[in-house]
Amino acid sequence: MPERRADWNEVTRTALPGPSPASPSSPVTTFAFDTEQELLWTGNEFGRITSFHGSELQKYTSYRGHVSTAPRGAPGNAHVKALLLCEKGVISLSSRSIHCASRRGLAQWHKSTPEMQDLQCMAFMGRGSSSEEIVVAGCQQQMFRINFEKGTVEDTLPSAVPYTMMRRSDRYICAAAYDGSIHLLNPFNLGVVQTWQAYAGTVNDMDARGDYLLTCGFSHQQYGGLGLERLVRVYDLKQLKPSAPIAFQQGAAFVRMHPKLSSTCIVLSEHGAINSIDVQNQDVPTMRFAPMFDAQATGLDIMPSGKGFVMTDSHCQVVLWGSPSKLRFTEYSKPTEFPDPQEQSKHLDWAADLPFNLIGMPFYREALLSGWPNSLAHEVGAPPPQLEPAVLATLRKAEYGLVGPNPRKSRRNQAEDTRAAQYKHAPLAAPKFLSEKPRGENGDHDSERRLSEDIGKTLNALTINGGSQADMLAYYRPVEIKYSKFGVDDFDFKYYNKTKYSGLETHIVNAYANPLLQLLRFTNVARNLVLKHTAKDCRYESCLLCELGFLIDMLEKAQGQNCQATNFLKALSKQPGAATLAILEDHAVGTPLTIMIQNLARFLLVRMEDSFRRVSYSVLELQIAFATRGSAFSRCMHCSYEDAKEQAWYSHDLIYPPKAAKNSPRPVRHAFTRLLQDSVHRYDQQRGYCNRCQGYKPITSRRVVHNTPSVLVINTAIHTPEARQTWATPGFLPREIGIINANSQFYCYEGQDLKLHLQRRTHTITVYELVGFVADVAAGEAQKSHLVSIVDASISNPNPNSTPDWHLVNDFLVRPIAQEEALLFDPRWKLPCVLTYQMKLRSHELDDSWKAGIDASILYRSVCQPAFFPGYKFRPLSVSERVPDSNTHCAIDAEFVRLLREEIDMGADGSRTITRPARSGLARVSVLRGDGLEPELPFIDDYIATGEPVDDYLTQYSGLHMGDLTIGISRFTLVSLKKVYKKLWVLLNLGCKFIGHGLSSDFRTINIHVPECQVIDTQDLFSLGHRSQRKLSLRFLAWVVLNEDIQQSVIAGHDSIEDARTAYKLWRKYLEYQDAGVLESVKDDILLKGRKMDFKVPLLIEKDGMRLPETPRTSMPSTPVKRPVSMVRISTPARLDFGSPLVK
């Protein structure tokens, strides 16, 4: 390579940042070295221009020069096509606009006209960069001459051919056309001087310098089709004729002339082969190879100094090559302007005796704002008045904003108090915390006193006809969980849900999926299928079918209590390919929720097939439930070759008719069933590869349906204003549709047509009824998009005579609504995203046969942990033991670690508001036998492996230390979360009763709902009731009731086996006291003892330098010997017959 290019190597590699800090890297669409400073300028598809400084490619400036109109999170459509550097700054070009900014990123001017539709390239006119004008052209009929000093369009010229690329030489503007031809333009009048037809395809890259023009492009290959030509074509600009081409066997993709050596060029292939060749002496090329790491090169440029070059690849990387000791972008560069460094403030050592006069004050010569009189203080910056949705719907988009008629609902120049509207209370205010509500005599919250703040008082007044006293959209708005010092358990979820259908909480990552999960829960076919699968012995760790079955079972058992989809959403984030499909909130920043939920519906059903295949040899049962099976035909329009492939489609995206012409007659009303029929057949024409023609040809595709599923999942795919207006038609979405699948044709009917076919019975017609849909709502002018589900709960009701029962499920807000309200759509605030139709014959079918066929083999695969503690005993269940059932008792305890700290927002007034609660993770679960010959013997003692970073192991409570939950370094045998959860789920559905202390919080963190009839909580058994609202700790109860001292060591922490065993003993004691009839007196003694010791185990005895708790000298009452029952009188033991813990 020139100038000792043999020692050039990769110096720096960096990725081009995405459109936002949290988004992934974006591809480089164009780049260029600065001719005056040590800067490299790049552009991406989102219209953002970013510069890097020096050989380390440190980020210097970044600004958005062009606006992308693509949906948030989708690939941008404002590709930066070209960059020009001048003394004024940086000129960037996109397809619809031209932007000029200073090197610091400040905009100088911006031009965008209606004639600018597909701009592609630009170049300096006149005498090059010293002139004041540039020419801008593209794949359109006009070219523009622009004065970049003034930022004005001087002239619009006709363009004979569409230009895609321009390079400036000393004599000409070299322009490449779309058809592969090269045109030499006069730089003063833009007249065509010479034309060469260079390629059969397009020109991929070219460069001009001195007397030479070098080009790379696509030509016909030996086996058909187009490919990169293995030559670099050379044109002599002095004699205006082609010269001898340069051979490059790897396929020339990019070429650049050396800025200092007039006849030397560098050629780059897509796969990293680099050649440095002298155009006049091609016999001795210098060859190198750049490591591409499975990427393809996408661009090349040489530094103005000739000391190195930069290349980009398909992995969004910018790679700088050169000699590290001599690397300079320009030879005589101007200094780059950087921000002034911040001065460090003087450090003060704060102390109680520090004089205040040491704290400096700023010097000022004018009165401070705080010293201004009130007469000079005025309120400014009031928010503008908000437009009504009805007015916004009539506005049309213009270049400078929205334009439409003024409704004139107020007098001219009439001022509105817009600040007062900001402080109005929302019609659906948050409820009080449970800890703030009055309690009844038994310690529970008095339900009668809740009526004054019942949500029904607000919501029952709401109507859809616009005559409500309150905001009719209140219950469609996002609901938010408030947190008190007691955490999320203190939030009153019943305030939002008076029904028997449970909602889902929102303080979880990817909780946007809640409406889709609720929709599947009310779809009988999906519910029966996933529960049947969950009952089997599925060993796939990230099985979405199992997690969905766990969730649906929890929602059914909860009977209106709030639930969480934590485990399902965690398994979703681990699915292969989930991060690249815009279904995870962390990887889809800015993507509309409608796109995310529709992507999730497709992805979820496909991944369910993969999970189903791991247990069953055939996926036919799943396909019968969800898949439309048929054949996909593709036909070549050139040779009429037709190819067929058997496929199964789990969802269908609606296709809407094209926009009608302006002079067309009255638009035809399109029925939903007609759109569905066209969407299933899906006739399409596009360019594809033909195996017979061995090349890319026009291909037509269509579908032929063989079988329709039990459940139709339909994505509405509303992306245009015309599609939005289609859904505004009253009664557009039918409750029932009929499908005839005959002779490989798919026919769909609704309304009177459906009734007519049902009466004739000419063909077999399958009737589907609407289960529900996920709706995208924006219930307010400034309200963000929000997803809710609207379902007909009667379909999942076992009673076949039930009437339609529509419910709005807005996360944890659940409320019955009228059918008219449910099926009412308004493009201004409510549109459907995902629909589900189910065969009417499958309605009201709730198959619970899975409960009798639960595979309990996982209970026999529990592992024994190393005996780090003396007296550790463990024996898993064996096949010789009785299978657990409704008569089985199990003692359980769990330990947790903190994965994420709580986030607290400090207000200006010093108030503290919890914006996100602390998140805990399950770390250990111990389950002990409660019956049989070996009670208190553990048969489950599992430590759960976690791949998430642990914020705090909470050692004083969990007994765990750093590394105990990390695979490879843990001293315990770790298992996955799903295995542990499946064991507990099997025990739950076998009917076992769980004994423990404070189980409600444990089950909530585990994310499992256990009915009250299967919970024996010693915290409730020994509740003091009307005596005191205090919850007694397990340690205190063990000390005062069992005469045992547990949880002694703060360093070792708690032992879940010990805690579960203690809870089991307390339950046995409770039964003894209850059987003897002394339970209430025992509670009285517990209260007296607790008040005396502040309900804490006293620390009185010192041993070996450690303070140990004092053990009470007298235990709780022992179980008395029962006296024979007399027919005349049932004697009650006297109080003196029993000991008391208060006796010293």
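Structure shown above.
What counts as what
- Residue positions within a chain follow its written sequence, with the count starting from 1.
- Residues qualify for local features only when their pLDDT is at least 70, as the model is predicted, and side-chain atom pairs are given and counted only at 80 or more; totals for whole chains, interfaces and linings, by contrast, use all residues.
- No hydrogens and no water enter the side-chain calculation; it runs on all heavy atoms of the structure.
- Note on conventions: DSSP H or I runs of at least 4 residues are helices, E runs of at least 2 residues are strands, and numbering of each starts at the N terminus.
- Per-residue accessibility, obtained with a 1.4 Å probe over protein chains only, is compared with the maximum for each type, and a residue is labelled buried under 20%, exposed over 50%, and partly exposed between these values.
- Here, residues are in contact when the closest pair of their heavy atoms is within 4.5 Å.
- A 1.4 Å probe and the Shrake-Rupley method give the accessible areas. Residues count as covered only by the protein chains that appear here.
- Two strands are counted as paired when DSSP detects at least two bridges linking them.
- For helices, the axis comes from a line fit to the C-alpha atoms of the stretch in contact; other axes are also lines fit to C-alpha atoms, and the angle between any two N-to-C directions lies between 0 and 180 degrees.
- Pairing of aromatic rings covers Phe, Tyr and Trp, the last counted by its six-membered ring, and requires centre-to-centre distances within 6.5 Å; plane angles under 30 degrees mean stacked, over 60 mean edge-to-face, and any other angle means tilted.
- Throughout this description, the term salt bridge denotes a Lys or Arg side-chain nitrogen within 4 Å of a carboxyl oxygen of Asp or Glu.
- Angles are sorted into four bins: roughly parallel if under 35 degrees, roughly antiparallel if over 145, roughly perpendicular if 65 to 115, and oblique for all others.
- By convention, the crossing between two helices is left-handed when the near helix turns anticlockwise from the far helix through less than a right angle, and right-handed when the turn is clockwise.
- Three classes are used, and their members are as follows: Ala, Val, Leu, Ile, Met, Phe, Trp, Tyr, Cys and Pro are nonpolar, Asp, Glu, Lys and Arg are charged, and the others, Gly among them, are polar.
- Only residues whose relative accessible area exceeds 30% and that form no salt bridge are eligible for patches; like-charged ones are grouped when within 9 Å, while nonpolar side chains (Val, Leu, Ile, Met, Phe, Trp, Tyr) are grouped when within 5 Å.
- Nonpolar cores are built from buried Ala, Val, Leu, Ile, Met, Phe, Trp, Tyr and Cys residues. Side-chain atoms within 4.5 Å join them into one set.
- The term polar contact refers here to a pair of N or O atoms within 3.5 Å; inside protein, the definition further demands a hydrogen-donor-capable atom paired with an acceptor-capable atom, and it admits residues adjacent in sequence only when both atoms are side-chain atoms.

## Describing the overall build of the protein
A tally of helices and strands in the protein yields 20 helices and 54 strands. In the protein, buried positions account for 48% of the 1144 residues. Pairs at least 24 apart in sequence give 59% of the contacts found in the protein among residues at least 6 apart. Taken as a whole, the protein presents about 58600 Å² of accessible surface, with 51% of it coming from carbon and sulfur.

## Observations concerning the sheet that holds strand β2 (residues 28-33)
The strand order β2-β3-β4-β5 describes an open sheet built from 4 strands, whose pairing is antiparallel. Edge strands, defined here as strands with exactly one partner in the open sheet, are β2 and β5 (58-64). For this sheet, the mean angle separating the axes of adjacent strands, direction not counted, is 20°. Examined bridge by bridge, strand β3 (residues 39-44) and strand β4 (residues 48-53) share 5 bridges and lie antiparallel to one another. Bridge pairing in β4 links T42 to T50.

## Thoughts on the packing of aromatic side chains
Within the structure shown, the criterion is met by 31 aromatic pairs. Ring centres of F491 and F493 lie 4.9 Å apart, and the angle between their planes is 75°; this geometry places the pair in the edge-to-face category. You can call F491 buried: its relative accessible area is 2%. Judged by relative accessible area, F493 falls into the buried class, the value being 9%. Here a set of aromatic residues connected by ring pairs shows up, and it is made of F672, W727, F732, F773, F825 and Y837.

## Some remarks on the pattern of salt bridges
Scanning all chains against the criterion turns up 50 salt bridges. For R735, the salt bridge is made with D792, and the minimal N-O distance between the two is 3.3 Å. Taken as a pair, R735 in the loop between α11 (721-726) and β38 (736-742) and D792 in strand β41 (residues 786-792) lie far apart in primary sequence, 57 residues in all. Overall, the relative accessible area of 0% leaves D792 in the buried class. A salt bridge links E736 to K840; its shortest N-O distance comes to 2.6 Å. Placement of the pair is E736 in strand β38 and K840 in the loop between β44 (830-839) and β45 (889-900), with a sequence separation of 104 residues. The exposure class assigned to E736 is partly exposed, which follows from its relative accessible area of 24%. The network of salt bridges with common partners includes R167, D205, R256 and D301.

## A short note on the sheet that holds strand β52 (residues 1015-1017)
Within the open sheet, the 6 strands sit side by side as β50-β49-β48-β45-β51-β52. Their pairing is mixed. A strand with exactly one partner marks an edge of an open sheet, and here the two such strands are β50 (974-975) and β52. In terms of strand pairing, β45 meets strand β51 (residues 993-996) through 3 bridges, oriented parallel. Paired with A891 across the strands is I995, a residue of β51. The strands touched by helix α19 (residues 1056-1076) are β45, β48 (919-929), β49 (938-944), β51 and β52; relative to β45, the strand with the most contacts, the crossing angle is about 140°.

## A closer look at the packing of helix α6 (residues 544-558) against helix α7 (residues 566-573)
Packing of α6 against α7 leaves a shortest axis separation of 8 Å and a crossing angle of 165°. If you check the angle between α6 and α7, you find them roughly antiparallel. Crossing angle aside, the handedness with which α6 passes α7 is left-handed. Contacts between α6 and α7 involve L544, E547 and L548 from the former and N567, F568, A571 and L572 from the latter. Among the residues making up the contact of α6 with α7, the classes are represented as 5 nonpolar, 1 polar and 1 charged.

## Let's talk about the pairing of strand β21 (residues 231-236)
In this sheet, β21 lies alongside strand β19 (residues 212-220) in antiparallel orientation, the contact comprising 4 bridges. Note that in β21 the partner of L214 across the bridge is V234. Linking two consecutive strands that pair antiparallel, namely β21 and strand β22 (residues 241-247), is a turn of 4 residues; a positive phi of about 55° is found at L240 within it.

## So, a nonpolar patch on the surface
Together, L369, W372 and L376 make up an exposed nonpolar region whose accessible area comes to about 360 Å². The topology assignment puts W372 in the loop between β29 (317-322) and α1 (389-392). For W372, a relative accessible area of 43% puts it in the partly exposed group.

## Quick word on the nonpolar core
Generally speaking, soluble globular proteins have nonpolar side chains that are buried together. Residues L516, I597, F626, V925, V927 and I1006 are the most contacted members of the largest nonpolar core, which totals 99 residues. With 10 residues, the single largest contributor to this core is α6. In this structure, I597 is in contact with Y512, A513, L516, V774, L787, C833 and V834, ignoring residues within four places of it in sequence.

## Here we look at the environment of F939
The residue F939 is located in strand β49 in this model. On a C-alpha basis, the gap between F939 and S878 in space is 9.5 Å, while along the polypeptide they are 61 residues apart. Sequence-distant contacts of F939, defined by excluding residues within four places in its chain, comprise S862, F874, R875, P876, L877, C890, V927, L928, R929 and L987.

## As for unusual backbone geometry
A positive phi angle is found at N510, which is not glycine, with a value near 70°. Of note, Q559 is a non-glycine position whose phi angle comes to about 50°, a positive value. Residue class for Q559 comes out exposed when judged on its relative accessible area of 52%.

## Quick notes on the pairing of strand β12 (residues 142-147)
For a regular strand, side chains alternate in direction, first toward one face of the sheet and then toward the other. Strand direction decides the pairing type here: strand β11 (residues 133-138) and β12, joined by 4 bridges, are antiparallel. Its bridge partner lying in β12, V135 is registered against R145. The hairpin formed by β11 and β12 contains 3 residues between the paired strands. Bridge analysis of β12 against strand β13 (residues 152-158) gives 6 bridges, and the strand direction is antiparallel. Residue pairing in the sheet places N147 in a bridge with T152 of β13. What sits between β12 and β13 in their antiparallel hairpin is a turn of 4 residues, with G151 showing a positive phi close to 75°.

## Here we look at the environment of Y60
Of note, Y60 is situated in strand β5. The exposure class assigned to Y60 is buried, which follows from its relative accessible area of 16%. When the C-alpha atoms of Y60 and T50 are compared, they prove to be 7.5 Å apart, with 10 residues separating the residues in sequence. Y60 has contacts with L39, S51, F52, H53, R103, R104, T336, E337 and F338, leaving out every residue within four places of it along the chain. Within the local environment of Y60, its side chain forms a polar contact with the backbone oxygen of E337, the two atoms lying 2.5 Å apart.

## Considerations on the side chain of Q140
On the secondary structure map, Q140 appears in the loop between β11 and β12. Within the structure, Q140 has its side chain in polar contact with the backbone oxygen of E115 (distance 3.4 Å). Engagement of the side chain of Q140 in a polar contact is seen with the backbone nitrogen of Q117, the distance being 2.9 Å. In this view, Q140 contacts E115, M116, Q117, D118, L119, S159 and P162; residues no more than four positions away in its chain are not counted.

Shape is all these values report; function is a separate question.
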